[in-house]
Amino acid sequence: MITIYRKSCPGKFWLVVGILLVLPLVACGPVLVSQQGSQGQATTMPAKTSGGGQTSQEQQLAQYLFGLINHDRVAMGLAAYSWNAALARGARLHDMRMVAYGQLSHQCPGEPDLGTRITNDGVVWRAAGENIGWSNNPDPQQGVLSVHQGMMAEKPPDDGHRVNILSTSFTLVGIDVLIDSQQGVWLTEDFAQL
């Protein structure tokens, strides 16, 4: 199973498009998040993490995903994203929270909303977005690839993840991949425009 969500924050308006991909079937449904942080339903996953530090495998998977995203951008005639370490650190904290609560969500209980999280990371942004995903593929690299391919295969009007990846507004990305104790792969891609 692969689960992915997208969140976009142009200025102060927040929109979340939730997509649940179950290979080979696809089911889609929107989730709205208001500026006050009220949230639609989250997807619960069976997972707990074994620790907080990023492993070398997780670092490699984040860089692999960064390469996939920039490959697709360049293939579409777009400039590659620049890596932002502050966004990546924030993405790591978000992955850790999702795993701790066992749910794929853009805002876990007690967690600030995306805009506040990115501001707290030290990024002064004009627009921000987020894609999150989960896979239980036994091969973590294949799990990351499957989530990314699912995002890139989206079709309008249900193509919010693809829109974030191929945005002409965002210039920065920070990515984290977390492998939980049951070998589930969680990922967060945080995008920003300065």
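The structure displayed is predicted, hence computed values, not measured ones.

**Observations concerning helix H2 (residues 85–101)**
1) Next: Taking 1.5 Å as the rise per residue, H2 with 17 residues should run 24 Å; its terminal C-alpha atoms sit 24 Å apart, in good agreement.
2) Next: Taken together, the buried positions of H2 are Ala 86, Leu 87, Ala 88, Gly 90, Ala 91, Arg 92, His 94, Asp 95, Met 98 and Val 99.
3) Next: For H2, the N-terminal cap is Asn 84; the gap from its side-chain oxygen to the backbone nitrogen of Ala 86 is 3.1 Å.
4) Next: Backbone geometry just downstream of H2 places Gly 102 in the positive-phi region, at approximately 65°.

**Focus: the environment of Leu 104**
1) Next: Summarising the element assignment, Leu 104 is placed in strand S6 (residues 103–104).
2) Next: With 28 residues separating them along the chain, Leu 104 and Ile 132 place their C-alpha atoms 7.4 Å apart.

**Here we look at the pattern of salt bridges**
1) Next: Scanning all chains against the criterion turns up five salt bridges.
2) Next: Here Arg 92 makes a salt bridge to Asp 176, at a shortest N to O gap of 3.4 Å. Placement of the pair is Arg 92 in helix H2 and Asp 176 in strand S8 (residues 172–179), with a sequence separation of 84 residues. Neither Arg 92 nor Asp 176 differs from the other in exposure class; each is buried.
3) Next: In this structure, a network of salt bridges that share partners links the residues Arg 97, Glu 111, Arg 117 and Glu 130.

**What about the environment of Leu 114?**
1) Next: In this fold, Leu 114 is placed in helix H3 (residues 114–120).
2) Next: The spacing of Leu 114 and Ala 128 is 14 residues in sequence and 8.0 Å in space, taken between C-alpha atoms.

**Focus: the pairing of strand S7 (residues 127–135)**
1) Next: In terms of burial, S7 is largely enclosed, as nine of its nine residues are buried.
2) Next: Of the two faces of S7, the one holding Ala 127, Gly 129, Asn 131, Gly 133 and Ser 135 and the one holding Ala 128, Glu 130, Ile 132 and Trp 134 are both buried throughout.
3) Next: In this structure, S7 lies alongside strand S9 (residues 185–193), joined through nine bridges in antiparallel fashion. Paired with Asn 131 across the bridge in S9 is Glu 189.

**A closer look at the packing of aromatic side chains**
1) Next: A full pass over the atoms with the stated rule returns four aromatic pairs.
2) Next: On the basis of an interplanar angle of 50° and a centroid distance of 5.4 Å, the ring pair of Tyr 81 and Phe 191 is categorised as tilted. Remark: Phe 191 occurs in strand S9 and Tyr 81 occurs in the loop between helix H1 (56–75) and strand S5 (82–83); sequence separation between them is 110 residues. Pair check on accessibility: Tyr 81 and Phe 191 agree, each one buried.
3) Next: Between the aromatic rings of Trp 134 and Trp 186, the centroid separation amounts to 6.2 Å while the plane-to-plane angle is 65°, which identifies the pairing as edge-to-face.

**Some details on the confidence of the model for the protein**
1) Next: The predicted model of the protein has a mean per-residue pLDDT of 80, with 73% of residues at 70 or higher.
2) Next: For the stretch residues 11–51, pLDDT sits under 50, and the model shows 110 contacts to residues farther than four places along the chain or on other chains.

**Points about the side chain of Glu 58**
1) Next: Residue placement: Glu 58 occurs in helix H1.
2) Next: Residue class for Glu 58 comes out buried when judged on its relative accessible area of 3%.
3) Next: For Glu 58, the side chain forms a polar contact with the side chain of Arg 92, separated by 3.1 Å.
4) Next: Engagement of the side chain of Glu 58 in a polar contact is seen with the backbone nitrogen of Ile 179, the distance being 2.7 Å.
5) Next: Setting aside its immediate chain neighbours within four residues, Glu 58 contacts Gly 53, Arg 92, Val 177, Leu 178 and Ile 179.

**Overview of the side chain of His 161**
1) Next: For His 161, the location among the structural elements is in helix H5 (residues 160–165).
2) Next: Its relative accessible area of 0% is what places His 161 among the buried residues.
3) Next: Of the polar contacts made by the side chain of His 161, one reaches the side chain of Glu 154; its length is 2.3 Å.

Conventions and cut-offs
Residues numbered from 1 in each chain as written. Predicted model: local features only at pLDDT ≥ 70, side-chain atom pairs only at ≥ 80, totals over all residues. Heavy atoms only, no water. Helix = DSSP H or I, 4+ residues; strand = E, 2+ residues; numbered from the N terminus. Expected span 1.5 Å × (residues − 1). Buried < 20%, exposed > 50% of the residue type's maximum accessible area, 1.4 Å probe, protein only. Polar contact = N/O pair within 3.5 Å; in protein donor to acceptor, adjacent residues only side chain to side chain. Salt bridge = Lys/Arg side-chain N within 4 Å of Asp/Glu carboxyl O. Pairing = 2+ DSSP bridges. Phe/Tyr/Trp six-rings, centres within 6.5 Å; stacked < 30°, edge-to-face > 60°. pLDDT = per-residue confidence, 0-100. Contact = heavy atoms within 4.5 Å.

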